[in-house]
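# Structure at a glance
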Amino acid sequence: MSASDQPGDQDDASRINQEASSSSNTDNETSPSDNKEDEMKRAAARKLIERYFYQLTDGCGNPACNNKYCASSGQLKPLTPDEAAAQAIQLFSQEASLCERHPNKIARTHKMLSSDSDSDNSLTRKGDVQMPTNDVILGENPNYVKLNTTNSTTFLTEQMLYDIIDDCESTECYLSLIRKIGEVFSSIENLSRSFLQTDKSPTETTLDASKENIAGLKKEEVRSLEGEKDKDEDSSAETSENAVLPVDLPSVRRAYAALFKLKTSIFEHSLVNALVTLAGNLQMELPTRKERGNQDDVVNVLLIVFEIPALGSGDFLETALPAICRASEWLPVEVQAKLARIWSGPGRSSLRNILENLQQLVTLRVIVTQFHRDFYVQDENVITSATKLMKILFYANMLAGVLESPDLRNEELTVSMDDSYLAIKLNKTTPPIDPLATELGVHVLDCRKPYLPFSEFYNEPLSDGVEMDRDFANYKSELGELLGKFSFMHYPFILTPATKMMGLYFDNRIRMYSERRISILQSVTGQPSNPYLRLKVRRDHIIDDALVELEMISMENPNDLKKQLVVEFEGEQGIDEGGVSKEFFQLVIEEIFNPDYAMFTNQSEAGTVWFNPTSFESDAQFTLIGIVLGLAIYNNVILAVNFPMVLYRKLLGKRGSFEDLQDWNPEYHVDGKTLAKICLPIPINNGITSTPSFTMTLYNSLKQLLEYNEPDVEEVFMQTFRISYQDVFGSIINYDLKENGDEITVTQENKYEFVDLYADFLLNKSVEKQFRAFYKGFQMVVDESPLELLFRPEEIEVLICGSKNFDFDELESSTEYDGGYTTESQIIKDFWSTVHALSLEDKRKLLQFTTGSDRVPIGGLSRLKLVIARNGPDSDRLPTAHTCFNVLLLPEYSSKDKLKDRLIKAISYSKGFGML
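This section reports on the structure supplied with the text. Here the residue numbering is sequential within each chain, running from 1 through the sequence in written order. Whole-chain, interface and lining totals are the exception, using all residues; otherwise, since this is a predicted model, local features are given only for residues with pLDDT of at least 70 and side-chain atom pairs are given and counted only at 80 or more. Derived side-chain values reflect all non-hydrogen atoms in the structure, with water molecules and hydrogen atoms excluded from consideration.

With that settled, the discussion passes to the packing of aromatic side chains. Each Phe, Tyr or Trp ring, with Trp reduced to its six-membered ring, pairs with another whose centre is within 6.5 Å; inter-plane angles below 30 degrees give stacked pairs, above 60 give edge-to-face pairs, and intermediate values give tilted ones. Counted according to the given criterion, the structure contains 36 aromatic pairs. Between Y505 and F506 the ring centres are 6.1 Å apart and the planes differ by 65°, which places this aromatic pair in the edge-to-face class. Each residue gets one of three labels from its accessible area relative to the maximum for its type: buried under 20%, exposed over 50%, partly exposed in between, using a 1.4 Å probe on protein chains only. Overall, the relative accessible area of 29% leaves Y505 in the partly exposed class. On the basis of relative accessibility, which here comes to 23%, the residue F506 falls in the partly exposed class. Joined through ring pairs, the aromatic side chains of F593, F600, W610, F611, F622, F643, W664, F771, F774 and Y775 make up one cluster. Both a distance and an angle decide whether a charge sits over a ring: NZ of Lys or CZ of Arg must be within 6 Å of the ring centre and within 35 degrees of the ring normal. The cationic tip of R539 hangs over the ring face of F569; the distance from NZ or CZ to the ring centre is 4.3 Å. In this structure, K650 is placed above the aromatic ring of F771, and the distance from its NZ or CZ to the ring centre is 4.5 Å.

Here it is in structure tokens:
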């Protein structure tokens, strides 16, 4: 039966044509953009109706299908094409369920149609259409579509690309491929509609994606397509502007894999030129689209472009990628956030490749560009735009990793209103807020483990080429961004810690000079003032003298702490050019962490120290310890402290949590019933608590509790919400994590709460008073510095404690010589041969002897710039050193054995400034 023999279906078709004509007449009175938007929405609806038609006539191909509206289920009676078309429209109006296409179900292609006896040259059944295009329209009979035989589609799919490649290879003519690449990849519109998400069959869109577009249709348009006209013309319609289907990234990767199997010389020039044109279009269009709503087309374009395998090589690297990066500077924050979310989800497998491409681009530009006094690396547009794009990857990398709750962040320390710390906190210069971080709701402190190591974002050639004095000036300039002055200090992830330390150094030095000028002005006006922070201490009473003086300064004028430190040991000659301060800090740290003071507990197995929760020392003592730590950073001195990582996280405003226990708590001994430091039985061997002693960590024992999924957790662990710990005298102290904690048993339902409360008590509540005082002293010194902006917790540890890489080959290669010595001098060859053979402990002593510190500075031993100077001919004198300037004075000994003997004695028995 023909369509004209069914009145009901004929009326539906007539109404569709009438509504289409009415819409066409109305469109003449609207703007071209509105016409285009309506056309895209109607096309999406048509595609979904076609999917229902396929399902009703051909089925999904799954023999186990149970969808009553699918031919494969066996529950649907056979339908004529007319009946299927009518029911497809009805199912569309009801948003009925759609099946996933079964892998065994292969859509018929246009080539198959040529042999189909039921088709002619101009009309083809819908079920035989491989891919609807802009030339596919609903005809008078809704069961058929008109096909344009010229195949002038303006987008690309995986299957279409396969077909084009096959045709080109069969004819050995690639003009159609080149033409299609140029047509699609040069246009925002064409590329954004390419490689959209599909079902198992690459020719059909998914239900969820289709409904995104259909949600944007006006109700009148939906009604016209389903053949009904609702009488309620005033009902509101839900719309979404310019909804675009998301890109199918696996499909894009497969398509590129097929394309790049060809010789790149065939299509590379065309693709590069198309990308340059695309970048130009983006650069012109993005600024004007900035305030518009949906910009999914731009997101799709960038997702497809950055999947190109060869983007980091050849002409792509030199021409196409720089153009795309420059265009990306105009991306609104919302688009950046969407890219970050997609790259952290389905696109995470491409993160490393995209990052490497951008790193290669930055490195290439740093190497080939000639910089001079009027053109710095911060002025190179390609480098800065690639860095901005890399920031999106940086946040995507965090989102793709392991994140903790933001509730652990931005802890406000509890202080009384009369506490002077409150004023410091209120006056503190907070780091600038990153709009992208705000949009994503993420902070670097939230990331427990990134998808890629943070170190992969460092670019060493760039870090070495950055003039940090210029960069710091751009950072401090209030009009820097308005004048287009770029600062890498706003993008610290790309800089190595050593380079970032220089930014912190400039900030500290400028502040010191500012305080010095103020002091000079005060002295001119008759007010007594000291331009330096002078400490005069006795070596035998260094703690008492230092803490008393620092306490007085912090009470009378805390700003004096921001002056340059100058230390004088009573009864000893010497001018402090840095070496005396180094020794001062070393001696103070040794005394502070002496167990006799009982301010800190030594975790001997882990080699770390932590606040003693039962310490009898006053808050002022811990405040002064914080001041010492802040002064060391402020004066660029490395300290021999061994805090666990959780301390540095807390200093940046992140409370300690369960995962911090992994490096906070050392191994402890279990005696079978209770633990020495925590009364938590450890079940082993089918739940029987062990009787022989063995070694276990607190973190592992709590993790074992979390991973225990049997219902008898109460009987196995026998743990309540009361825990125990030792005081300084070895006595056991009980503490209830919740009220009446000894009456609350840990169960499967509350075990996570128990672990969180336990960790919170150990790392936060039990030492809250001590840490608050410590933090107060620390902030008195560094409150106005860009420390929080530049450094992550692990970088602050290296900044304070130095590197753990004792590479003396680096030290040898960076050492300079004076007084007649050269690298070819025999004494120098003997010296380095002897040094390389020393034990690690003796190497530390050598560093202590020559530089005043046994720690490796951030960036490695090459940063020390050691100088070895000739100190006369052969003699029995020991080597000497000027620790302020890292100068080793070495007599020209007659033999290697004599050199070794004198050097070992010098580094082993010298102590104190001037004692050589």
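With that settled, the discussion passes to the sheet that holds strand β18 (residues 887-890). We call two strands paired when DSSP finds no fewer than two bridges between them. The helix and strand labels rest on DSSP assignments: H or I over at least four residues marks a helix, E over at least two residues marks a strand, and numbering proceeds from the N terminus. In spatial order, the strands read β15-β16-β18-β17; together these 4 strands make up an open sheet with mixed pairing. Edge positions in the sheet fall to β15 (816-818) and β17 (880-882), since each has one partner strand and no second. With strand direction ignored, the average angle separating the axes of adjacent strands in the sheet is 25°. Relative to strand β16 (residues 867-870), β15 runs parallel, the two being bridged by 3 bridges. Here an angle of 0 to 180 degrees is reported between the N-to-C directions of two axes, which are lines fitted to C-alpha atoms, with helices fitted over the stretch in contact.

In contact at an axis separation of 11 Å, helix α13 (residues 314-328) and helix α15 (residues 351-368) are set at 105° when each is read in the N-to-C sense. Taken together, the axes of α13 and α15 are roughly perpendicular relative to one another. Side by side, α13 and α15 meet where L317, E318, L321, P322 and C325 of the first sit next to N357, L358, Q360, L361, L364 and R365 of the second. For the contact of α13 with α15, the class distribution of residues is 7 nonpolar, 2 polar and 2 charged. In what follows, roughly perpendicular refers to angles from 65 to 115 degrees, roughly parallel to angles under 35, roughly antiparallel to angles over 145, and oblique to any angle outside these ranges. For this analysis, residues touch if any pair of their heavy atoms sits within 4.5 Å. All residues other than Ala, Val, Leu, Ile, Met, Phe, Trp, Tyr, Cys, Pro, Asp, Glu, Lys and Arg, Gly among them, are scored as polar; the first ten of these are nonpolar and the last four charged.

Before going further, it helps to examine the packing of helix α6 (residues 175-185) against helix α11 (residues 264-289). Remark: α6 packs on α11, axes separated minimally by 8 Å, with the N-to-C direction vectors making an angle of 15°. What the angle tells us is that α6 and α11 run roughly parallel. Seen from above, α6 lies across α11 with right-handed handedness. The segment α6 lies against α11, with I178, I181, G182 and F185 engaging I266, F267, S270, L271, A274, L275 and L278. Its residues assigned to classes, the contact of α6 with α11 comprises 9 nonpolar, 2 polar and no charged. Helix crossings get a hand from a simple test, with the near helix turned counterclockwise from the far one by less than a right angle marking a left-handed crossing and a clockwise turn marking a right-handed one.

Our focus in this paragraph is the environment of Q719. Within the fold, Q719 resides in the loop between α28 (713-717) and β13 (722-726). Residue classification places Q719 among the buried residues on the basis of a relative accessible area of 4%. Remark: the alpha-carbon pair of Q719 and V746, spanning 27 residues in sequence, is separated by 5.6 Å. Of note is the side chain of Q719, whose polar atom sits 3.3 Å from the backbone oxygen of R722. Throughout this description, a polar contact denotes any pair of N or O atoms lying within 3.5 Å of each other; where both atoms belong to protein, one of them has to be capable of donating a hydrogen while the other can accept it, and for residues adjacent in sequence the pair is counted only when both atoms sit in side chains.

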